[in-house]
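Examination of the molecular architecture
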Amino acid sequence: MSRSTDPGLFRASAPVRLDFAGGWTDVAPFADREGGQVVAAAITLRVQAEFEPGGVGLLMRAEDLGQAERVAGPAELSHGDGLPLHKAALRMLPAGPGTLRTRSEVPPGSGLGSSGALDVALIAVLAAARGEDFLPDEIAALGFELEAREAGLPGGRQDQYSAALGGFNRLSFRGEVVGIERLVLDPDFQAELERRIIICYTGRSRVSGDTIARVMGAYDRGDPVVTGALRQLADLAEEMAAALAAADLVRVGRLLSSNWAAQQRLDGQMATPEMAALEYALVAAGALGGKAAGAGAGGCMFFLAGDDVDRVRDAATAAGARLLSAKWSPTGVELC
């Protein structure tokens, strides 16, 4: 990545993603023991980070959340509740006194992987401020380290890799090893897929670290329902990669719905009443399929419309969803 032309200000941005299939299988211990895989695509909604060196102490601001905190120096970057990712990034990559600002183009708890995109943007901007340069996959690995280990927040690796790489990818996970397969779609099919995808925000996701612990705890105990669902999710990612390569819209829609059905078997709280009502309304309006973006229990759902895209969009609005507009993002993390 090239550095910002303004020597007194460093900026970076990273895209969020739509996970077409396989989410949850990138989380330990399933990914460690059996290997997970996810098919995801970056979209043009982005998370930005900015570091301005100078002054006294450190000021951290999450402008989209209206949160700010000032500390005298790195020794005060505690592991407390406020701005945990900002603090973790500054502990990992101290860049001297200055102001660290962030903002997101997606609503909080969207399920679009915004925390992973934030991880990646933070790593990129602070590395630039320190005069360091990392490859996208190195930034993704450091982003996971930031969130899961330095900040102590549970989750998988797919969000950081989608944010760092951009484009369509089939990602495989086995312990610390991440396999990256770029998916090259037929251009006409990719454009039609973009035209038909409808992203609906249903309200902030209620998935928490407790939910992740509950799901993976059930897997650890050998729960047959959860174990079977996770294995099916991994298989569906393989099928989704094939459907995208074959430019098969109907099959993509069917696999989105199959993934959502498997995901709901992981935990009884995966689908909210609002999500169930939205799914019913959009399928009735002609959607070919759809699923929750990310973990579930609120956040965004996205659907693949049939031939009458406007009818499906109108049904989503009538059901109370907030529609988010985005295109595919061929680029991942960028300094700007």
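Everything quoted here is computed from the prediction, not taken from an experiment.

Using the criterion set out here, one finds five aromatic pairs in the structure. Ring geometry for phenylalanine 20 against tryptophan 328: centres 6.0 Å apart, planes inclined by 45°, an arrangement best described as tilted. Placement of the pair is phenylalanine 20 in strand S1 (residues 10-21) and tryptophan 328 in the loop between strand S11 (322-324) and strand S12 (334-335), with a sequence separation of 308 residues. In terms of burial, phenylalanine 20 and tryptophan 328 fall into one category: buried. Geometrically, the ring pair formed by phenylalanine 30 and tyrosine 219 is edge-to-face, given 5.3 Å between the ring centres and 70° between the ring planes. On the criterion of sequence distance, the pair formed by phenylalanine 30 in helix H1 (residues 30-33) and tyrosine 219 in helix H7 (residues 209-220) is long-range, its members being 189 residues apart. For phenylalanine 30, a relative accessible area of 1% gives the class buried. Judged by its relative accessible area of 6%, tyrosine 219 falls in the buried class. By way of ring pairs, the aromatic residues Phe20, Phe168, Phe302 and Trp328 are connected into one cluster.

Right, let's get into helix H8 (residues 224-245). Between its first and last C-alpha, H8 extends 32 Å over 22 residues, near the 32 Å set by a 1.5 Å rise per residue. Within the sequence span of H8, burial applies to Val226, Thr227, Ala229, Leu230, Leu233, Ala234, Leu236, Ala237, Met240, Ala241, Ala243 and Leu244. For H8, the capping residue at the N-terminal end is aspartate 223, with a side-chain oxygen 2.9 Å from the backbone nitrogen of valine 225. Just downstream of H8 lies alanine 247, where phi reads positive at about 55°.

This paragraph deals with the pattern of salt bridges. Throughout the structure, instances matching the rule amount to 22 salt bridges. The residue arginine 231 makes a salt bridge to glutamate 34 at a minimum N-O spacing of 2.9 Å. Taken together, the residues span a long stretch of sequence, with arginine 231 in helix H8 and glutamate 34 in the loop between H1 and strand S2 (36-53) at a distance of 197 residues. Classification of glutamate 34 as partly exposed rests on a relative accessible area of 27%. Arginine 195 is the partner of glutamate 192 in a salt bridge, and the nearest nitrogen-oxygen pair spans 2.8 Å. Taken together, the positions of glutamate 192 and arginine 195, both in helix H6 (residues 187-196) and three residues apart, correspond to about one turn of that helix. What makes glutamate 192 partly exposed here is its relative accessible area of 22%. A single salt-bridge network, built from bridges that share partners, covers Arg11, Glu50, Glu52 and Arg101.

Our next topic: the sheet that holds strand S8 (residues 197-201). Taking strand neighbours across the sheet as the criterion, the four strands line up as S9-S10-S8-S11 in an open arrangement whose pairing is antiparallel. Strands with a single pairing partner mark the edges of an open sheet, and in this sheet they are strand S9 (289-292) and S11. On average, adjacent strands in this sheet sit at an angle of 30° to one another, irrespective of strand direction. Bridging between S8 and S11 involves three bridges; their strand directions are antiparallel. Across the sheet, the residue bridging to tyrosine 201 is arginine 322, located in S11. Along the sheet, H6 makes contact with S8 and strand S10 (300-304), crossing S8 at roughly 35°. With respect to the sheet, helix H9 (residues 249-264) is in contact with S9 and S10, its orientation differing from that of S9 by roughly 35°.

Rules used in this analysis
- Residues numbered from 1 in each chain as written.
- Predicted model: local features only at pLDDT ≥ 70, side-chain atom pairs only at ≥ 80, totals over all residues.
- Heavy atoms only, no water.
- Phe/Tyr/Trp six-rings, centres within 6.5 Å; stacked < 30°, edge-to-face > 60°.
- Helix = DSSP H or I, 4+ residues; strand = E, 2+ residues; numbered from the N terminus.
- Buried < 20%, exposed > 50% of the residue type's maximum accessible area, 1.4 Å probe, protein only.
- Expected span 1.5 Å × (residues − 1).
- Polar contact = N/O pair within 3.5 Å; in protein donor to acceptor, adjacent residues only side chain to side chain.
- Salt bridge = Lys/Arg side-chain N within 4 Å of Asp/Glu carboxyl O.
- Pairing = 2+ DSSP bridges.
- Axes fitted to C-alpha atoms, helices over the stretch in contact; angles between N-to-C directions.
- Contact = heavy atoms within 4.5 Å.

Nothing here speaks to function; it is geometry throughout.
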